[in-house]
Amino acid sequence: MGETVLDEDWYAVELTGRAWTDCLLREVDLTEAVTSGCRFVGCTFDRCRLNASVHRRTAFTACTFTDTSFFDATLEGCRFDGSTFSGCDLRPITVTGGSWWGVSLRGADLRDQDLSGLRLTEADLAGADLRKASLEGADLSGAVLRGVRAEGADLRGASLVGADLGDAALRGTRLDLAGALAVAESLGALVES
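Residues numbered from 1 in each chain as written. Predicted model: local features only at pLDDT ≥ 70, side-chain atom pairs only at ≥ 80, totals over all residues. Heavy atoms only, no water.

A.B. asks: I'd like a description of the domain arrangement of the chain, backed by residues and values.
C.D. replies: Looking at the assigned domains, one finds that the chain contains domain 1 (1-99) and domain 2 (105-186). Inter-centroid distance (C-alpha atoms) of domain 1 to domain 2 is 24 Å. With eleven residues of domain 1 at the interface, the matching set in domain 2 holds eleven residues. Summing both sides of the interface, domain 1 and domain 2 together bury roughly 930 Å²; the carbon and sulfur share of this comes to 50%. Counting the contacts that link domain 1 with domain 2 gives two salt bridges. Of the charged contacts in the structure, one is a salt bridge between Arg 91 and Asp 112, with a shortest N-O distance of 3.6 Å. Here domain 1 is connected to domain 2 by four residue pairs in polar contact (both at pLDDT 80 or more). Split by residue class, the side of domain 1 that touches domain 2 holds five nonpolar, three polar and three charged. (Domains from an automatic or database assignment. Contact = heavy atoms within 4.5 Å. Buried area = accessible area lost by both parts, 1.4 Å probe. Salt bridge = Lys/Arg side-chain N within 4 Å of Asp/Glu carboxyl O. Polar contact = N/O pair within 3.5 Å; in protein donor to acceptor, adjacent residues only side chain to side chain. Nonpolar A, V, L, I, M, F, W, Y, C, P; charged D, E, K, R; others polar.)

Here you go:
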């Protein structure tokens, strides 16, 4: 608890069922690491490398990621609830399921990423680049999408109830009827049947 890990080489380490709370990991190399069922709570990842790492059912709850690289990482059923990303490299990543409730991804570059079915309830994606991203079936209820670039993105089946879409760039965005209504209401339209 409260451990500090500085400039360590955890290359290709395999971690199962481990837990860390309020830890600081700075410049730790987790390239090709594999985690399964691990829990990181309130931890800070500063300038870490998670390149080509694989995380299965691992929880990163209320964590802070600063200038950390997830290049080619795989996230299967992971929880990032309440976590914050700042200056991170998130492309390309493979995301399968999981919960990113209340996550802060302000200004994040998520172009061309497949985030289908992801729980992004109340996430802060203000100013994020989601061009050509797939958010099909994602839960964006109450999410902040103000100023987001979503040209060519796929939002079919996504829940946009209560989402803030002010100043969002949506040219060519694929929407279903429910999504189109949510966008119209977000922009102040009174939708009547």
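A.B. asks: Quick one: what's the story with the sheet that holds strand S4 (residues 24-26), residue by residue and with numbers?
C.D. replies: The strand order across the open sheet formed by five strands is S1-S4-S7-S10-S12, and the pairing between neighbours is parallel. Only two strands of the sheet have a single partner each, and these edge strands are strand S1 (4-6) and strand S12 (84-86). Ignoring strand direction, the axes of neighbouring strands in this sheet form an average angle of 5°. As judged from the three bridges shared by strand S10 (residues 64-66) and S12, these two strands associate in the parallel manner. Pairing of Phe 65 across the sheet is with Phe 85, part of S12. (Pairing = 2+ DSSP bridges. Helix = DSSP H or I, 4+ residues; strand = E, 2+ residues; numbered from the N terminus. Axes fitted to C-alpha atoms, helices over the stretch in contact; angles between N-to-C directions.)

A.B. asks: Describe in detail the packing of aromatic side chains, supporting the description with residues and values.
C.D. replies: Under the criterion given, the structure shown has 14 aromatic pairs. For the pair Phe 65 and Phe 80, a centre-to-centre distance of 5.9 Å together with 50° between the ring planes defines the contact as tilted. Taken together, the positions of Phe 65 in strand S10 and Phe 80 in the loop between strand S11 (73-76) and S12 put the pair 15 residues apart, joining distant regions of the chain. The pair formed by Phe 65 and Phe 80 is uniform in burial state, with each residue classed as buried. A network of ring pairs unites the aromatic residues Trp 20, Phe 40, Phe 45, Phe 60, Phe 65, Phe 70, Phe 80, Phe 85 and Trp 100 as a single cluster. (Phe/Tyr/Trp six-rings, centres within 6.5 Å; stacked < 30°, edge-to-face > 60°. Buried < 20%, exposed > 50% of the residue type's maximum accessible area, 1.4 Å probe, protein only.)

A.B. asks: Residue-level account of the sheet that holds strand S6 (residues 39-41), with values.
C.D. replies: The strand order across the open sheet built from three strands is S3-S6-S9, with neighbouring strands paired in parallel fashion. The open sheet has two edge strands with one neighbour each: strand S3 (19-21) and strand S9 (59-61). For this sheet the average axis-to-axis angle between neighbouring strands, irrespective of direction, equals 5°. Sheet analysis places S3 next to S6, joined by three bridges and oriented parallel.

A.B. asks: Any chance you could break down helix H1 (residues 177-186) for me, citing the residues and the numbers?
C.D. replies: All buried positions along H1 are accounted for by Gly 179, Ala 182 and Val 183. Relative to the axis of H1, the buried residues are bounded by an arc of 100° and lie together on one face. Away from its buried face by more than 90 degrees, H1 exposes Leu 177 and Ala 178. (Arc of directions from axis to C-beta.)

A.B. asks: Break down the side chain of Thr 121 for me, citing the residues and quoting the values.
C.D. replies: On the secondary structure map, Thr 121 appears in the loop between strand S13 (93-96) and H1. Thr 121 gets classed as buried once you look at its relative accessible area, which sits at 12%. With near-sequence residues (within four places) excluded, Thr 121 lies in contact with Trp 101, Gly 102, Asp 139 and Ser 141.

A.B. asks: Quick one: what's the story with the environment of Asp 176, residue by residue and with numbers?
C.D. replies: Note on placement: Asp 176 falls in the loop between S13 and H1. Here Asp 176 is in contact with Arg 156 and Gly 157, once residues within four sequence places are set aside. Polar contacts involving the side chain of Asp 176 include one to the main-chain amide nitrogen of Gly 157, which spans 2.8 Å. A polar contact is formed between the side chain of Asp 176 and the backbone nitrogen of Gly 179, at a distance of 2.8 Å.

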